[in-house]
Amino acid sequence: MPRQNEFPLLMELGAPGRRAYLLPQLDVPARPIDELIPSPYLRSEPAPLPELSELEVVRHYTGLSRRNHGVDVGFYPLGSCTMKYNPKVNEDLAFLPGFASLHPYQPEETVQGALQLMYELEQYLCEIAGLQRATLTPAAGAHGELTGLMLIKAYQEDRGEGHRDEIIIPDSAHGTNPASAAMCGYKVVEVKSNDRGGVCVDALREVVGPQTAGLMLTNPNTLGLFEEDILTISELVHDAGGLLYYDGANANAIMGKCRPGDMGFDVVHFNLHKTFSTPHGGGGPGSGPIVVRESLIPFLPVPVVERREEAAQAGASLEEIPSQFFLDFDRPKSIGKVKGFYGNFLVLVRAYAYIRSMGPEGLRLASEDAVLSANYLMRGLSPFFDLPYDRTCKHEFVISARQQKAEGVTAQDIAKRLLDYGVHAPTVYFPLIVEEALMIEPTETESKAALDAFLEVMFRIAEEAKESPQGLTTAPHHTVVGRLDETQAARHPVVRWQQGTEEGTPNDHR
Amino acid sequence: MGYPYLALTRQERQEMLSAIGATSTADLFSDIPREILLQENLDLPEPLTESELVRHVRKLSDCNISLDTHASFLGAGVYQHLIPRAVYHLANRAEFVTAYTPYQAEISQGVLQATFEYQTLICNLTGMDVANASLYDGATGLAEAALMALAITGGSRVVTFESMHPDYRVVVDTYLRAVDAELVVIPTDQGVADPTALEPFLGKETAAVLIQQPNLFGLLESASEIGARLEGTPTLLVACVNPISLGILQPPAAYGADIVVGDGQPLGNPLAFGGPSFGFMATRQKFIRRMPGRIVGQTQDGEGNRGFVLTLQTREQHIRRQRATSNICTNAAHSMLIGTIYLALLGKEGLREVAIQCAQKAHFTAERISALSGWELLFEGPFYHEFAVQAPVPWPQVNAALLKEGIIGGLPLAKLYPERPEWENALLFCVTEARTADEIEHLLQVLKGVK
């Protein structure tokens, strides 16, 4: 019997022979299947799949959805993830049949609206980044990083500098940065942060040189702090022959305020699922377009969306010049292809709609409000929590629970206790350079009332840490399951359900 | 003017500014060097209200021909199947859609349990021991499998065949070039891989052989023979498969696959102009710690309640940084959820029937087309639900005639194989259960009339 809080698995439901969905009767003459496909190619038994009624499936996944927190459920101040509101209308637009029911190999003349949308979105992203061209293909931020580094590699090789094999990355960087550099065959050189939380320029001077292919930077960085020395940094790297890569995970702080291209960055990725409000879906699909400077355009992955010269000059509509947009695959210096087809198109539709509904002033206000809300929370929390870098933050900030740790309460405990109050926890233990870090990003879509409510909860938790720490170290108490044992999960991995083993069988027979 | 997605009022902004001791928003941006601080608004179109936005975007979508209104015979990696309505209703519940990656397990049991169920279903379909929680798509999944094989074997080369989807090959090649590994492509003049052609490449430098089953031409590869050839060698067999075909086809574990990947789009996901979809990956137990991407595992809380968490995270970039098995962070969780719900609704018998109907309708259509005068199948040999045919006239004529009749014709192989003039007028047709006998008749009528 499942325990009270347990929810059955799909595989534990249903009954043999039960169906949820019926196909239309086969309307061509039926032949024995092994006449069509020789039996050695066929499976001997049907794949073991569940057998449920439609209602059973509906109750099951409705039930699971209720065991899940989302932006629509409550506050989600997960730092570096920009969990802003995802407008409903954009969901409807993505599901218009003229977008959702397009095959990528349809003739170009039948997908002109889709190509125009991609073409215009590229232009918007170029304007926001302050750079010249983009590829919309990468499927996520990390995928954009990999693509951007491939571009840097191709550029360096093209100008006879293929021996440059190092990428410089600050110690505060997202883990994807060094992982992407390694996937691109680069050696990672770490550069320390200074006591203001920025890149230590003297340390950078020591590591930059003729072996430097480029530097990856998030700005504002993962502490939520703007790199005040950015212009010096970009000059140093450029002078040494390297390029600058902008990790756009934190771009929600700078829209319409300043542009990576103006800071000296040569390659930029944006996370459309962060900055441009497309939903994160429980872990994707996202979209990580890359915007580049003139010198990198020849290396962009194929295809890029182009517009026929005459139409571009005339600014003609599709009625006036049909088939004016096309996919250009003929790019001899291209790095190749980083994903099937043309990127996560339905995510692009949502981001396009967001930019069109915000406009230039709206995007700037979004960044201003995001920054204001973060500073408001940071000030509000500073009486109760340590603030490792006490300066104006951008869209997010990092507090430390080291005071509370002295009482035996960790950042993890605070995170788990927040769940009891219906709030998603901040990002914890990141960046790595801050002890007991809690990284908080409110976004611009939360009301002042919601921010105040969060401050109130955090204040209460700070009090609890002093008065009843055991309530925190055993939290959460009001969620559908209690604190889950991650160590056990990793030590004896059970990663699928197997018949007849109700408790699951460890998959790791070692 | 106001903006619907901004929550703060003018007065609240003022209150908040004074609470933090700032006089204006400009104070908050004083750390940005003056010379790069923008003075003017960005050059972007002025904002649209919701109704204006809908009108504008709908106009763009109306410039496209939707396959809801046109019968299509396109496949080659993206397939139109019947999708139970309940898939949309369930997957689009906001608690799923608006969640991030399930870092806080106790309030993310919905996504975590659904992922655990998904991993189970993928193992059950492929016959493999373990599956990850999804990758971006089939092509990048194949590239990740190639990198994984390089890491496991220490090899420097990956071998595949011309019958592997050319786009997938280009993606693999792009990934491999970044780490100075080599991709060898063996020609397939007859449309399928010749297992003996592998002989010169069997050796410890070869990390993996990548096959696609069914292949780009819809043909079935001699997977068992290839698997047998690799047995006892250090080279891994990577099979890239269509998940729906596994409703009737042999599971890859049966022919010795070490890593199985594929694109999950056919499982209930819309065509979406090619994205998003999701990539699946499954492998042998012994390689679990070499897999890229997230993995969900079962565990329990202090009271013994079953629960699910992200596990084996020491493989991943946020812990291992440059020594991670991959850089992947965001994957394709929601597309994966759609696939899971689709499989739950179709069930054991449903998935088998879809695969059977696809095969029946494709074979019926292939037979009828090849009976038309001047039309012939490009290749012989068993196939699943796609087949290439040589047209008696240049392909643009064929597809133009079809389009005029409201039909999207087959994919010209010339687009994927420009280096193969002998396939210049071949069209790759795909027929799924979503095509009706009437639509197939209509296709045949038009083809008959093309001169």
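Source: prediction; values computed, not measured.

Trainee: Which residues make up the overall build of chain B, and what are the values?
Mentor: Helix and strand content of chain B: 14 helices and 15 strands. Its C-alpha atoms give chain B principal-axis dimensions of about 80 × 55 × 50 Å. Taking contacts inside chain B between residues at least 6 apart in sequence as the whole, the part at least 24 apart equals 71%. Of the roughly 14700 Å² that chain B leaves accessible, carbon and sulfur atoms contribute 48%. Averaging the coordinates of the 33 positive side-chain charges in chain B and doing the same for the 49 negative ones gives two points 2 Å apart.

Trainee: Any details on the overall build of chain A? Residues and values, ideally.
Mentor: Helix and strand content of chain A: 17 helices and twelve strands. Its C-alpha atoms give chain A a radius of gyration of 26 Å, within 12% of the compact-globule value 24 Å for 510 residues. Put simply, chain A has 510 residues, and 67% of those count as buried. Sequence separation of 24 or more characterises 71% of the internal contacts of chain A that already satisfy a separation of 6 or more. In the structure as shown, chain A presents an accessible area of about 16900 Å², 48% of it carried by carbon and sulfur atoms. For chain A, the separation between the mean place of its 45 positive charges and that of its 68 negative charges on side chains is 2 Å.

Trainee: Any details on the domain arrangement of chain B? Residues and values, ideally.
Mentor: Residue and element names in this part refer to chain B. When its domains are assigned, chain B resolves into domain 1 (71–81 + 349–449) and domain 2 (85–342). A C-alpha centroid distance of 28 Å is found between domain 1 and domain 2. Listed by partner, the interface residues are 29 residues for domain 1 and 30 residues for domain 2. Buried area between domain 1 and domain 2, both sides added, is near 2300 Å², and the carbon and sulfur share of it is 66%. Contact with domain 2 buries area across many residues of domain 1, yet L351, Y384 and Y417 alone supply 25% of it, more than any other trio. Counting across the domain 1 and domain 2 interface gives two salt bridges. Notably, a salt bridge pairs E162 with R420, separated by 2.6 Å at the nearest N-O pair. Counting the contacts that link domain 1 with domain 2 gives seven residue pairs in polar contact (both at pLDDT 80 or more).

Trainee: I'd like a description of the sheet that holds strand β11 (residues 427–428) of chain A, backed by residues and values.
Mentor: All names here are of chain A. Ordered in space as β10-β12-β11, the three strands form an open sheet in which the pairing is antiparallel. Because the sheet does not close on itself, it has two edges, and the strands there are β10 (397–400) and β11. For β10 and strand β12 (residues 437–440), the ladder comprises four bridges, and the chain directions are antiparallel. When the bridges of β12 are listed, V398 appears paired with M439. Contacting β10 and β12, helix α12 (residues 345–381) crosses the sheet at an angle of about 15 degrees to β10.

Trainee: Requested: an account of unusual backbone geometry, with residues and values cited.
Mentor: Across the junction of A475 of chain A and P476 of chain A, the peptide omega takes the value 5 degrees, indicating a cis bond. Along the chain, the position of P476 of chain A falls in the loop between α16 (469–473) and α17 (486–491). The step from Q213 of chain B to P214 of chain B runs through a cis peptide bond, and the omega angle for that step is -10 degrees. By the secondary structure assignment, P214 of chain B is in the loop between β5 (206–213) and α9 (223–230). One non-glycine residue with positive phi stands out, namely S80 of chain A, at about 70 degrees. In this fold, S80 of chain A is placed in the loop between α2 (54–66) and α3 (88–94). Positive phi is not limited to glycine here, since A272 of chain B has a value of about 60 degrees.

Trainee: An account of the domain arrangement of chain A is requested, with residue identities and associated values reported.
Mentor: Each domain of chain A was delimited in the assignment, giving domain 1 (10–66), domain 2 (90–355) and domain 3 (366–484). Here the C-alpha centroids of domain 1 of chain A and domain 3 of chain A sit 46 Å apart.

Trainee: So, the sheet that holds strand β7 (residues 259–263) of chain B: which residues are in play, and what are the values?
Mentor: Residues and elements named next belong to chain B. As summarised here, the arrangement of the seven strands in space is β2-β8-β7-β6-β5-β3-β4, forming an open sheet in which the pairing is mixed. The sheet terminates laterally at β2 (130–131) and β4 (182–186), the two strands that pair on one side only. Sheet analysis places β2 next to strand β8 (residues 279–283), joined by two bridges and oriented antiparallel. Across the sheet, residue V130 finds its bridge partner in β8, namely T283. The strands touched by helix α7 (residues 138–153) are β3 (157–161), β5, β6 (236–241), β7 and β8; relative to β7, the strand with the most contacts, the crossing angle is about 165 degrees. Helix-sheet contacts for α9 involve β3, β5 and β6, and the interaxial angle to β5 is about 170 degrees.

Trainee: Could you give me a rundown of the confidence of the model for chain A, with the residues and numbers involved?
Mentor: Caution applies to low-pLDDT parts of the model: their predicted coordinates are not meant to be read in detail. The predicted model of chain A averages 95 in pLDDT, with 97% of residues at 70 or higher. Within the model, pLDDT remains below 50 along residues 503–510 of chain A, and this stretch shows 22 contacts once partners closer than five positions in the same chain are excluded.

Trainee: Go over the pattern of salt bridges, please, and point to the residues and values.
Mentor: Evaluated as defined, the whole model comprises 51 salt bridges over all chains. K361 of chain B is paired through a salt bridge with D27 of chain A; the nearest N and O atoms lie 3.2 Å apart. Taken together, the residues K361 of chain B in helix α11 (residues 333–371) and D27 of chain A in the segment before α1 (33–36) connect one chain to another. Between E205 of chain B and R157 of chain B there is a salt bridge whose closest N-O contact spans 3.1 Å. In this pair, E205 of chain B is assigned in the loop between β4 and β5 and R157 of chain B in strand β3, connecting sequence segments 48 residues apart. Look at E205 of chain B and you get partly exposed, because its relative accessible area is 35%. In this structure, a network of salt bridges that share partners links the residues E122, R133, E306, D328 and R331 of chain A.

Trainee: Tell me what's going on with the packing of helix α6 (residues 109–126) of chain B against α11 of chain B, and back it up with residues and numbers.
Mentor: All names here are of chain B. Relative to each other, α6 and α11 sit at 45 degrees, their axes nearing to 10 Å. With respect to their mutual orientation, α6 and α11 come out oblique. Judged by the twist between their axes, the crossing of α6 over α11 is left-handed. Residue-level inspection shows A114, T115, E117, Y118, L121 and L125 of α6 in contact with α11, the latter providing M336, L337, T340, L343 and L351. Each residue belonging to the contact of α6 with α11 can be placed in one class, and the counts come to eight nonpolar, two polar and one charged.

Trainee: Talk me through the nonpolar core; I want residue IDs and the actual numbers.
Mentor: In terms of nonpolar packing, the biggest core is built from 174 residues, with F270, F276 and F345 of chain A together with L413 of chain B touching the most fellow members. Apart from the residues within four sequence positions on either side, F276 of chain A is in contact with L125, I128, M255, F270, N271, A351, Y354 and I355 of chain A. By size, the runner-up hydrophobic cluster in this structure holds 85 residues, among which are Y118, C123, I211 and A359 of chain B.

Trainee: Explain the interface of chain B and chain A to me, using residue names and the numbers behind them.
Mentor: Taken together, the 189 residues of chain B in the interface contact 213 residues of chain A. The junction of chain B with chain A conceals about 17500 Å² of combined surface from both sides, 64% of it contributed by carbon and sulfur atoms. At the junction of chain B and chain A, the tally comes to nine salt bridges. Here chain B is connected to chain A by 92 residue pairs in polar contact (both at pLDDT 80 or more). Top element by residues in the side of chain B that touches chain A is α11 of chain B. It accounts for 25 residues. Across the side of chain B that touches chain A, the residue classes tally to 101 nonpolar, 55 polar and 33 charged.

Trainee: Any chance you could break down the packing of α7 of chain B against helix α8 (residues 166–178) of chain B for me, citing the residues and the numbers?
Mentor: Residues and elements named next belong to chain B. Contact pair α7 / α8: the axes reach a minimum separation of 8 Å and the direction vectors enclose 40 degrees. Taken together, the axes of α7 and α8 are oblique relative to one another. The element α7 and its partner α8 pack so that their crossing is right-handed. Where α7 approaches α8, its residues G138, A139, T140, L142, A143, A146, L147 and L150 are matched on the opposing element by Y168, V171, V172, Y175 and L176. Along the lines of polarity and charge, the residues of the contact of α7 with α8 split into eleven nonpolar, two polar and no charged.

Here is what the cut-offs are and how they apply
Residues numbered from 1 in each chain as written. Chains lettered and ligands numbered in written order. Predicted model: local features only at pLDDT ≥ 70, side-chain atom pairs only at ≥ 80, totals over all residues. Heavy atoms only, no water. Helix = DSSP H or I, 4+ residues; strand = E, 2+ residues; numbered from the N terminus. Contact = heavy atoms within 4.5 Å. Areas by Shrake-Rupley, 256 points an atom, 1.4 Å probe, with all protein chains shown as cover. Lys, Arg positive; Asp, Glu negative; His and termini not counted. Charge placed at Lys NZ, Arg CZ, Asp CG, Glu CD. Rg over C-alpha atoms; globule rule 2.2 N^0.38 Å. Buried < 20%, exposed > 50% of the residue type's maximum accessible area, 1.4 Å probe, protein only. Domains from an automatic or database assignment. Buried area = accessible area lost by both parts, 1.4 Å probe. Salt bridge = Lys/Arg side-chain N within 4 Å of Asp/Glu carboxyl O. Polar contact = N/O pair within 3.5 Å; in protein donor to acceptor, adjacent residues only side chain to side chain. Pairing = 2+ DSSP bridges. Axes fitted to C-alpha atoms, helices over the stretch in contact; angles between N-to-C directions. pLDDT = per-residue confidence, 0-100. Parallel < 35°, antiparallel > 145°, perpendicular 65-115°, else oblique. Left-handed = near helix turned anticlockwise from the far one by under 90°. Nonpolar A, V, L, I, M, F, W, Y, C, P; charged D, E, K, R; others polar. Core = buried A, V, L, I, M, F, W, Y, C linked by side-chain atoms within 4.5 Å.

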